[in-house]
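Structure at a glance
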Amino acid sequence: GSAAGILSSINNSTTTAGGPWGHVDSHGNWVLGNLDRFTFAEAKAPLSLLPGVDACGGSAYVQVRTRSSSTATSDLKDTSKVFQYTFLGLTATASLTPSCDAGFYYQAEATGPDGQPVANPSCAWTFSNGMTLDQCSGFLSVPPGTYTATVVVVDPLLPECSETASTGSVDAWALLGVTPLLQPRCDLSFVYDALVTGGGDPAAVGYAWTFSGGGTVSPPTSSAKSGTVTVGTGNVAYLAALTVSEAHEGLVCTASGSAQVTPYAPLAIDLALQSAAEQCP
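A brief look at the structure comes next. (Residues numbered from 1 in each chain as written. Predicted model: local features only at pLDDT ≥ 70, side-chain atom pairs only at ≥ 80, totals over all residues. Heavy atoms only, no water.)

Observations concerning empty space enclosed by the protein
- All chains considered together, the criterion is met by 1 cavity of 30 Å³ or more.
- As a volume, the largest cavity reaches approximately 40 Å³.
- As for the largest cavity, its lining consists of Ser99, Cys100, Trp173, Ala174, Leu176, Gly199, His248 and Cys253.
- The class makeup of the residues in the lining of the largest cavity is 5 nonpolar, 3 polar and no charged. (1 Å grid on protein atoms, 1.4 Å probe; cavity = no way out; pocket = protein on both sides within 12 Å on 5 of 7 lines; lining within 4 Å. Points joined across faces, edges and corners; volume = space filled by probe spheres on them. Nonpolar A, V, L, I, M, F, W, Y, C, P; charged D, E, K, R; others polar.)

Written out as structure tokens, the structure reads:
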């Protein structure tokens, strides 16, 4: 009766059955059978009486005390440490995941008071570049840069309750692209090079070339940005296929391209000396 809605009761019966595994009686003995009088109590209180706790969850600080009699001035016999008890409410998590497609993925999830995932929550995202979205997950195309976000999640079964979650940062990069550059030469060879665009760090790009065509090629593959390929037959077409790759935060972004080139055979000159017929003056 100290506050409205609080109910408590002490076991005042000698016929309350104990568990089949036994229990410790008031003398410290492990026994079977019924529980002794006054060995346990129960109480309940409306959550509305606890500051910071409501139907949306919260936490309260709790201490359990026992004493030797029912008087308020009785000696304190035992007490627990003060601990924090958390009442399950709506909890939300949010994350940003990098992508190779000039943007990033965003996702928000929520768990309800029953500890189960919330079905079809509503979400209100605010990103660090000022953009807002009302989808819980998806892909966002953005200019290169570093981004963070916050999201407000609402359980449709508890529309009066909302939870705000923040994300870590994520980097976005321009779309990686590559153009193979081939230059024919006049000595049964051609020069290759790569023009890389986008990505995060051009110096960190890896190269994988393959060469083929109407004659032999040396080398048939290369991991260099540029170089020279020698061919066995001139004046026929050769193909150079290139894939570049760049690692980002656990991702490997790739781009591919190809080009053709026709290297020339060396120019041959055959000189023949001829004497003209003598003419008499």
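Some points on the sheet that holds strand β23 (residues 221-222)
- The antiparallel open sheet is built from 4 strands, whose spatial order is β23-β21-β25-β26. Taken across any chain shown, the strands that pair with only one partner, and hence form the sheet edges, are β23 and β26 (251-261).
- Where strand β21 (residues 206-213) and β23 come together, 2 bridges link them in antiparallel fashion. Looking at the pairing, tryptophan 209 lines up with serine 222 of β23. (Pairing = 2+ DSSP bridges. Helix = DSSP H or I, 4+ residues; strand = E, 2+ residues; numbered from the N terminus.)

Side note on unusual backbone geometry
- Going from serine 218 to proline 219, the amide bond is cis rather than trans, its omega being 5 degrees.
- Position of proline 219 relative to the elements: it lies in the loop between β22 (217-218) and β23.
- Even without glycine at this site, leucine 188 takes up a positive phi of about 55 degrees.
- Structurally, leucine 188 is set in the loop between β19 (174-184) and β20 (189-199).

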